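Coordinate analysis (summary)
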Amino acid sequence: MPELPEVETVRRTLEPVIGATITSVWDSGLGLHMNRKPPRRKLRALVGAKIAALRRIGKYLIVDTTAPQSIVAHLGMSGRLRIHDARDPRAPHTHAVFGLGARELRFVDPRRFGQIDVVTRGAERVHPSLAILGPDPLTEGIDAAAVSRLARRRKSSLKAFVLDQGVIAGVGNIYASEALWRAKLRPSKRANRTTVAQISSLVASIREVLERALVHNGTSLRDFVDADGESGDNAEYLWVYGRRGEPCCRCKAKIKRSVLQGRATYYCPTCQTP
Ligand SMILES: [Zn+2]
């Protein structure tokens, strides 16, 4: 599943469409995540508007237009948003197409866990999917003291706490393991047993692992590709994720894998304090 750095990589590779006029809108009529269909009438009302900016909140892409509305896109498990020549044949599982003159912005989503919607600009956070999100660690910054206050009330593992999109938006399974290793904190540690200093270190580590992944254009563990169809190469740079049995880069102890809430979790048993 694409996490924040992969979505940001897609956002950057879509930048060439800024300034283009939306000349047509098509949708497959099929439901995506939660069987929600792209809102055809609202999307068609955007024909004639120009794409003004591309933003991201957590794993959501926001396509601002010169109309008062913006398009919201979520890639779900397998979604792709790419620029094509309008003459290229459409791939199977294409669910939305924004005509941009000779080019098209196409949303392809085989598993249909993605989302295409329209929001009024400035009221994004009223949208049900965006209202529940915590701050974006790269664009909005995170107040470590506020996160520490939240942690004090949670008995869940620190890993589950970091994955909670209401705490910090956009961190998924890979970068949760990476950030906890960087901050030398055991993923199974209870969130309410952390100190303010530990949470500050964790918040800084989250930022660091996300920025580091961005430099490498995201992690391509299965089939992530950016809007140009290029895969990222961050998998080579991961410290613990997917490295069971390999030596820890800090202390040389063997990396362990455990399962927390059904998700694979990787950690160093020596330098990540329980
Ligand atoms: Zn170690």
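Coordinates for the structure precede this section.
The sections below set out a description of the structure shown in this document. (Residues numbered from 1 in each chain as written. Predicted model: local features only at pLDDT ≥ 70, side-chain atom pairs only at ≥ 80, totals over all residues. Heavy atoms only, no water.)

**A few points about the coordination of the zinc ion**
Coordination sphere of the zinc ion, protein contribution only: Cys 248 (SG), Cys 251 (SG), Cys 268 (SG) and Cys 271 (SG), at 2.2 to 2.3 Å. One can describe the site at the zinc ion as tetrahedral: its four donor atoms subtend angles covering 98 to 123° at the metal. In primary sequence terms, the donor set of the zinc ion follows C-x2-C-x16-C-x2-C. On the criterion of sequence distance, the pair formed by Cys 251 in the loop between helix 7 (196-215) and strand 9 (256-260) and Cys 271 in the segment after strand 10 (263-267) is long-range, its members being 20 residues apart. Its relative accessible area of 30% is what places Cys 251 among the partly exposed residues. Overall, Cys 271 belongs to the buried group, its relative accessible area being 15%. (Donors = N, O, S within 2.8 Å, 3.2 Å for Na, K, Ca; no water. Tetrahedral: all angles 85-135°; square planar, octahedral: opposite > 155°, others 65-115°. Helix = DSSP H or I, 4+ residues; strand = E, 2+ residues; numbered from the N terminus. Buried < 20%, exposed > 50% of the residue type's maximum accessible area, 1.4 Å probe, protein only.)

**As for the packing of helix 6 (residues 173-182) against helix 7**
At their nearest, the axes of helix 6 and helix 7 sit 8 Å apart, and the two run at 125° to each other. As judged from the angle between their axes, helix 6 and helix 7 are oblique. Once helix 6 is placed against helix 7, the crossing between them reads as right-handed. When helix 6 is examined against helix 7, the residues Tyr 175, Glu 178, Ala 179, Leu 180 and Arg 182 are found in contact with a partner set consisting of Leu 202, Ser 205, Ile 206, Glu 208, Val 209, Leu 210 and Ala 213. Of the residues contributing to the contact of helix 6 with helix 7, the split by class is eight nonpolar, one polar and three charged. (Axes fitted to C-alpha atoms, helices over the stretch in contact; angles between N-to-C directions. Parallel < 35°, antiparallel > 145°, perpendicular 65-115°, else oblique. Left-handed = near helix turned anticlockwise from the far one by under 90°. Contact = heavy atoms within 4.5 Å. Nonpolar A, V, L, I, M, F, W, Y, C, P; charged D, E, K, R; others polar.)

**With respect to the sheet that holds strand 4 (residues 69-74)**
Within the open sheet, the four strands sit side by side as 2-3-4-8. Their pairing is antiparallel. Two strands close off the open sheet at either side, each with one partner strand: strand 2 (51-57) and strand 8 (115-120). Neighbour to neighbour, the strand axes of the sheet diverge by 25° on average, direction disregarded. Alignment of strand 4 against strand 8, held across six bridges, turns out to be antiparallel. When the sheet's bridge partners are listed, Val 72 is paired in strand 8 with Asp 117. (Pairing = 2+ DSSP bridges.)

**Section: the environment of Pro 187**
In this structure, Pro 187 sits in the loop between helix 6 and helix 7. Spatially, the C-alpha atoms of Pro 187 and Thr 65 are 41 Å apart, while their sequence positions differ by 122 residues.

**Topic: the packing of helix 1 (residues 4-13) against helix 7**
The contact between helix 1 and helix 7 brings their axes to 9 Å, and the two run at 45°. The angle between helix 1 and helix 7 falls in the class oblique. In terms of crossing hand, the pair formed by helix 1 and helix 7 is right-handed. Residues Leu 4, Pro 5, Glu 8, Thr 9 and Arg 12 of helix 1 touch helix 7, and the partners they reach there are Leu 210, Ala 213 and Leu 214. A breakdown of the residues in the contact of helix 1 with helix 7 according to their chemical character gives five nonpolar, one polar and two charged.

**Focus on the side chain of Gln 272**
In this structure, Gln 272 sits in the segment after strand 10. Within polar-contact distance, the side chain of Gln 272 engages the backbone oxygen of Leu 180 at 3.3 Å. For Gln 272, the side chain forms a polar contact with the main-chain nitrogen of Cys 268, separated by 2.6 Å. In this view, Gln 272 contacts Leu 180, Trp 181, Lys 184, Leu 185, Arg 186, Pro 187, Arg 250 and Tyr 267; residues no more than four positions away in its chain are not counted. (Polar contact = N/O pair within 3.5 Å; in protein donor to acceptor, adjacent residues only side chain to side chain.)

**Section: the pattern of salt bridges**
Tallying each qualifying case throughout the model produces 16 salt bridges. When the shortest N-O distance is used, the salt bridge between Glu 8 and Arg 12 registers 3.0 Å. Remark: Arg 12 and Glu 8 occur in helix 1; sequence separation between them is four residues, near one turn of the helix. Classification of Glu 8 as buried rests on a relative accessible area of 6%. Overall, Arg 12 belongs to the partly exposed group, its relative accessible area being 42%. The shortest N-O distance in the salt bridge between Arg 55 and Asp 64 comes to 2.7 Å. For Arg 55, a relative accessible area of 29% gives the class partly exposed. One salt-bridge network, in which partners are shared between bridges, spans Glu 8, Arg 11, Arg 12, Glu 15, Arg 56 and Asp 136. (Salt bridge = Lys/Arg side-chain N within 4 Å of Asp/Glu carboxyl O.)

**Concerning helix 6**
Burial of helix 6 is extensive: nine of the ten residues sit out of reach of the surface. Residues of helix 6 that are buried: Asn 173, Ile 174, Tyr 175, Ala 176, Ser 177, Glu 178, Ala 179, Leu 180 and Trp 181.

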